[in-house]
Amino acid sequence: MAKPSPKNRRTTRSPVPNLTPENGPTPERRARSEFVGTAPTRVLRTVQALLQAGDITQPAADAAERWYRDYVFGYCDYVEFSDQHRPGTLTRHDAVSWQLVRARAMARVTDVREALGLCAHQRLRMLLVDELSFRAMGEALFPTISAGSSQRKIAAQCALLLEQLAAREEAARKAAKATRTAKHSSAQSTDATEEA
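Owing to the predicted nature of the structure, the values given are computational and were not obtained by experimental measurement.

Before we go on, may I ask you to explain unusual backbone geometry in this structure?
Residues apart from glycine generally show negative phi values, whereas peptide bonds are mostly found in trans. Phi at Glu 131 is positive, roughly 55 degrees, even though this residue is not glycine. In this fold, Glu 131 is placed in the loop between helix 5 (118-129) and helix 6 (134-141).

So, in structure tokens, the structure goes:
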């Protein structure tokens, strides 16, 4: 059996021209939604509309963004970083540690669902993940009443829900801090008794 002759594998590659300077929404999507930001462009979500109207506070909008990131990371297995994000050079995740971090994100989503209820979870998902308008949410949740009434009802419910989400996060943060403080003080008292 004859051995095939080696061929010259060196090829010249021409750079692929960048035909799309922005990886943004399609023209059809741009026609259906209002967008904010320059890079990357995002749909003007109802949370931003509530914030601009003064119906919710900035901590409530921040809590909604954190819940959304946890949901996407937990269910879809990817993380979207902000523009100011600096990657850590000390840690690199392997497959196991990545799934552990993902499990913590899912645990936070599950904790919110258990604390606020399944109806709240459904509204958060419709509001943040599905990016439905108040009108579409009202038609889905209150089909028997007029569109204007259902839109006002769902806007008020979502504003209240986002404020509850922010308050729950703040309470959980304070509880975790108190636990760390108690653990630290008990460790110091144990060290003091061992020295005596």
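On we go.
Would you mind showing me how to read the pattern of salt bridges here?
As a working rule, side chains carrying opposite charge can pair if their charged atoms are close by. A full pass over the atoms with the stated rule returns five salt bridges. Taking the shortest distance from any N to any O, the salt bridge between Arg 108 and Asp 70 comes out at 2.8 Å. Taken together, the positions of Arg 108 in helix 4 (residues 95-116) and Asp 70 in helix 3 (residues 58-76) put the pair 38 residues apart, joining distant regions of the chain. Using a relative accessible area of 42% as the deciding quantity, one classes Arg 108 as partly exposed. Classification of Asp 70 as buried rests on a relative accessible area of 15%. The shortest N-O distance in the salt bridge between Arg 173 and Glu 170 comes to 2.6 Å. Here the residue Arg 173 and the residue Glu 170 both occupy positions in helix 7 (residues 147-195), the gap between them amounting to three residues, near one helical turn. Taking the relative accessible area as the measure of exposure, Arg 173 reaches 43% and is therefore partly exposed.

Whenever I open this one, the side chain of Arg 123 confuses me. Can you help?
For Arg 123, the position within the fold is in helix 5. Buried charge without a partner: Arg 123 forms no salt bridge, and the closest opposite charge is Asp 130, 12 Å away. Leave out the neighbours within four places in its chain, and Arg 123 touches Met 137, Leu 141, Phe 142, Ile 154, Gln 157 and Leu 161.

How should helix 5 be read in this particular structure?
Note that an α-helix has 3.6 residues per turn; residues three or four places apart therefore point the same way. Along its twelve residues, helix 5 runs 15 Å from first to last C-alpha, staying within 8% of the 16 Å computed at 1.5 Å per residue. Restricting attention to buried positions, one finds in helix 5 the residues Ala 120, His 121, Arg 123, Leu 124, Met 126, Leu 127 and Leu 128. Once helix 5 ends, the next one or two residues include Glu 131, with phi positive near 55 degrees.

Even after reading the chapter, I still don't get the side chain of His 121, so can you show me in this structure?
Residue position: His 121 is located in helix 5. The class for His 121 is buried, based on a relative accessible area of 6%.

Hey, could you run me through the environment of Gly 54 in this one?
Considering the arrangement of structural elements, one finds Gly 54 in the loop between helix 2 (46-53) and helix 3. What makes Gly 54 exposed here is its relative accessible area of 56%. For the pair Gly 54 and Ala 159, spaced 105 residues apart in sequence, the C-alpha separation works out to 9.8 Å.

Which parts of the structure should I look at to understand helix 2?
Residues of helix 2 that are buried include every one of Thr 46, Val 47 and Leu 50, and no others. Take helix 2 and look down its axis: the buried residues cluster within an arc of 105 degrees, on one side only. Once helix 2 ends, the next one or two residues include Gly 54, with phi positive near 85 degrees.

Conventions we followed
- Residues numbered from 1 in each chain as written.
- Predicted model: local features only at pLDDT ≥ 70, side-chain atom pairs only at ≥ 80, totals over all residues.
- Heavy atoms only, no water.
- Helix = DSSP H or I, 4+ residues; strand = E, 2+ residues; numbered from the N terminus.
- Salt bridge = Lys/Arg side-chain N within 4 Å of Asp/Glu carboxyl O.
- Buried < 20%, exposed > 50% of the residue type's maximum accessible area, 1.4 Å probe, protein only.
- Lys, Arg positive; Asp, Glu negative; His and termini not counted.
- Contact = heavy atoms within 4.5 Å.
- Expected span 1.5 Å × (residues − 1).
- Arc of directions from axis to C-beta.

Nothing here speaks to function; it is geometry throughout.
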